[in-house]
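# A look at the structure
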Amino acid sequence: MIINTARFVISSPTVDKCPSENMHEYAFIGRSNVGKSSLINMLTGKKNLAMTSSTPGKTMLINHFLVNESWYIVDLPGYGFARRSKDDRAKLEKMIKGYIAGRSQMTNLFVLIDSRHKPQKIDLEFMEWLGENGVPFSIVFTKLDKLTPTAGKKLIADYCAELLERWEELPPVFKTSSEDRRGRDAILNYIEEMNRLPLQ
Ligand code: GTP
Ligand code: MG
């Protein structure tokens, strides 16, 4: 798919404030600092579209970006950022889960996992919650440029093997780097295919 235009539309504090049009929407979620905003910039080819930062917890709202005037990308706040107060974490979790469970336009949720780390409880529990709630999702391994090809392959294979102990089958898996742009075509082709499906 060719990206002709991509622009920021709105930041919303709750799902009921999000854009009301019935368009396909793809949201990106994962732990703080996993690379959600960087991936969105890489996919759209716009360096400063979503705000990135080496300080975790930068994204605090539900951010909508309109692509090719016909579908949305959504940048969500990261979960599990330890240096936030309990109160703030609970508020963010409510916002994130409210959006995911309540947004009928959301065609697919991309769950980002830092490819350098072994499976973390917080991600596994989050994916379990998605499964229980029937949320369609895919897994995106990020920052593969930070690993050698051999190490990357092994970490991802081990991760998938652990998932298969809990799940009967794996969701679609994408291997990416926002630095060298790998995985871009695979994700955009996947989105293009889903854009052809009728919205519910
Ligand atoms: P929050 O909004 O705080 O939850 O973070 P985020 O998940 O949006 O992460 P963000 O895109 O802001 O990236 C966090 C840090 O990781 C930044 O310093 C990025 O430059 C770096 N980063 C993101 N993706 C990659 C990647 O593919 N490769 C490398 N080497 N660094 C990356
Ligand atoms: Mg971000």
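As shown above, the structure is provided for reference.
Report on the accompanying structure.

What counts, and at which threshold
Residues numbered from 1 in each chain as written. Chains lettered and ligands numbered in written order. Predicted model: local features only at pLDDT ≥ 70, side-chain atom pairs only at ≥ 80, totals over all residues. Heavy atoms only, no water. Helix = DSSP H or I, 4+ residues; strand = E, 2+ residues; numbered from the N terminus. Rg over C-alpha atoms; globule rule 2.2 N^0.38 Å. Buried < 20%, exposed > 50% of the residue type's maximum accessible area, 1.4 Å probe, protein only. Contact = heavy atoms within 4.5 Å. Areas by Shrake-Rupley, 256 points an atom, 1.4 Å probe, with all protein chains shown as cover. Lys, Arg positive; Asp, Glu negative; His and termini not counted. Charge placed at Lys NZ, Arg CZ, Asp CG, Glu CD. Phe/Tyr/Trp six-rings, centres within 6.5 Å; stacked < 30°, edge-to-face > 60°. Axes fitted to C-alpha atoms, helices over the stretch in contact; angles between N-to-C directions. Parallel < 35°, antiparallel > 145°, perpendicular 65-115°, else oblique. Left-handed = near helix turned anticlockwise from the far one by under 90°. Nonpolar A, V, L, I, M, F, W, Y, C, P; charged D, E, K, R; others polar.

## Some remarks on the overall build of the chain
- Per the secondary structure count, the chain includes five helices and seven strands.
- For the chain, the sequential pattern of α-helices and β-strands runs β-β-α-β-β-α-β-α-β-α-β-α.
- Since a compact globule built from 200 residues should have a radius of gyration of about 16 Å, the 16 Å found for the chain is in line with a globular shape.
- Along the first, second and third principal axes, the C-alpha atoms of the chain reach 45 × 40 × 35 Å.
- In the chain, which comprises 200 residues, the proportion classed as buried is 47%.
- Sequence-distant contacts, at least 24 apart, represent 75% of the contacts inside the chain between residues at least 6 apart.
- Total accessible area computed for the chain in this model is approximately 10,500 Å², and 50% of it derives from carbon and sulfur atoms.
- For the chain, the distance from the average site of its 28 positive side-chain charges to the average site of its 24 negative ones is 7 Å.

## Some words on the packing of aromatic side chains
- All told, the structure shown has 10 aromatic pairs when counted by the stated rule.
- Ring centres of Phe 110 and Tyr 190 lie 6.1 Å apart, and the angle between their planes is 70 degrees; this geometry places the pair in the edge-to-face category. Taken as a pair, Phe 110 in strand 5 (residues 106–114) and Tyr 190 in helix 5 (residues 184–195) lie far apart in primary sequence, 80 residues in all. Of the two residues, Phe 110 and Tyr 190, neither departs from the other in class, the shared state being buried.
- Between Phe 137 and Trp 167, the ring centres sit 5.7 Å apart and the planes meet at 70 degrees, which makes this aromatic pair edge-to-face. On the criterion of sequence distance, the pair formed by Phe 137 in strand 6 (residues 137–142) and Trp 167 in the loop between helix 4 (149–166) and strand 7 (173–175) is long-range, its members being 30 residues apart.
- Phe 137 gets classed as buried once you look at its relative accessible area, which sits at 9%.

## Thoughts on the packing of helix 3 (residues 121–132) against helix 4
- Running from N to C, helix 3 and helix 4 point in directions that differ by 45 degrees, and their axes come no closer than 12 Å. Regarding the angle of helix 3 to helix 4, the classification is oblique. Between helix 3 and helix 4 lies a crossing of right-handed hand. Contact residues: Asp 123, Leu 124, Met 127 and Glu 128 in helix 3; Tyr 159, Glu 162, Leu 163 and Arg 166 in helix 4.
- Counted by class, the contact of helix 3 with helix 4 contains four nonpolar, no polar and four charged residues.

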